[in-house]
Amino acid sequence: VLAVPVLFKQALENTTMEEGESVSLRCELTKADATVVWKKGEATLQASAKYEMKQKGTVAELVIHNAEPEDA
C-alpha cells in the first residue's frame, strides 16, 4: 500500500507581536490529525505553560505565551 505524504495546504506566516504578549502560529495540512512536531531550530518544543499545542482536523496551532525576543 502506497502511503500518501502529508503536505502543507497553508504554511506558517511570519507574525509580529509585542514582548509579553501571546502569539498564535497556525498551519493547515492535507491530512486530518497528522502528527505535528513543533521545533525551534533543532530543538523540539514541548507543551508547557509557555508553549501550547492545539490540533483540530487539518489545522495545527502553536500558541506562545509571554513571548520574548528569544522566541523569534
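Residues numbered from 1 in each chain as written. Predicted model: local features only at pLDDT ≥ 70, side-chain atom pairs only at ≥ 80, totals over all residues. Heavy atoms only, no water.

Some thoughts on the UniProt feature "domain: Ig-like" (unreviewed entry) in the chain
Rule in force here: UniProt positions are given in the numbering used here, feature names are shortened, and annotations may be inferred rather than shown by experiment. The secondary structure listing takes helices from DSSP runs of H or I that are at least 4 residues long and strands from runs of E that are at least 2 residues long, numbered from the N terminus.
The feature "domain: Ig-like" (unreviewed entry), as given by UniProt, occupies residues 5–72 in the numbering adopted here. Between the end C-alpha atoms of residues 5–72 the distance is 29 Å, and the span holds 0% helix and 38% strand.

A short note on the side chain of E61
The cut-off we apply is this: Three labels apply to residues, based on accessible area from a 1.4 Å probe with only protein chains included: buried if under 20% of the type maximum, exposed if over 50%, partly exposed otherwise in between. What qualifies as a polar contact is a pair of N or O atoms within 3.5 Å, subject to a donor-acceptor requirement within protein and to the restriction that residues adjacent in sequence count only when both atoms come from side chains. In what follows, residue pairs with any heavy atoms lying within 4.5 Å of each other are defined as contacts.
Here E61 lies in strand β6 (residues 59–64). Taking relative accessible area as the criterion, E61 reaches 12% and is therefore assigned buried. Looking at E61, its side chain comes within polar contact range of the side chain of S24, at 2.4 Å. Contacts of E61, omitting those with residues within four sequence positions, involve S24, L25, R26, W38, E52, M53 and K54.

Description of the pairing of β6
For clarity, the cut-off: A pair of strands is treated as paired once DSSP finds two or more bridges between them.
Where burial is concerned, most of β6 is hidden: 5 out of the 6 residues are buried. Pairing analysis gives 6 bridges linking strand β2 (residues 23–29) to β6, with the strands arranged antiparallel. Looking across to β6, one finds that S24 is bridged to V63. Pairing geometry for strand β5 (residues 51–56) and β6, over 6 bridges, is antiparallel. In the strand pairing of β6, Y51 is matched with I64. Between β5 and β6, which pair antiparallel in sequence order, lie 2 residues; one of them, G57, sits at a positive phi of approximately 60°.

A short note on the nonpolar core
Here is the rule we go by: In these notes, a set of buried Ala, Val, Leu, Ile, Met, Phe, Trp, Tyr and Cys residues joined through side-chain atoms within 4.5 Å is what counts as a nonpolar core.
In terms of nonpolar packing, the biggest core is built from 11 residues, these being V23, L25, C27, L29, A34, W38, L45, Y51, A60, L62 and I64. Looking at this core, the elements with two or more residues in it are β2 and β6. In terms of residues, this core owes the most to one element, β2, which gives 4 residues.

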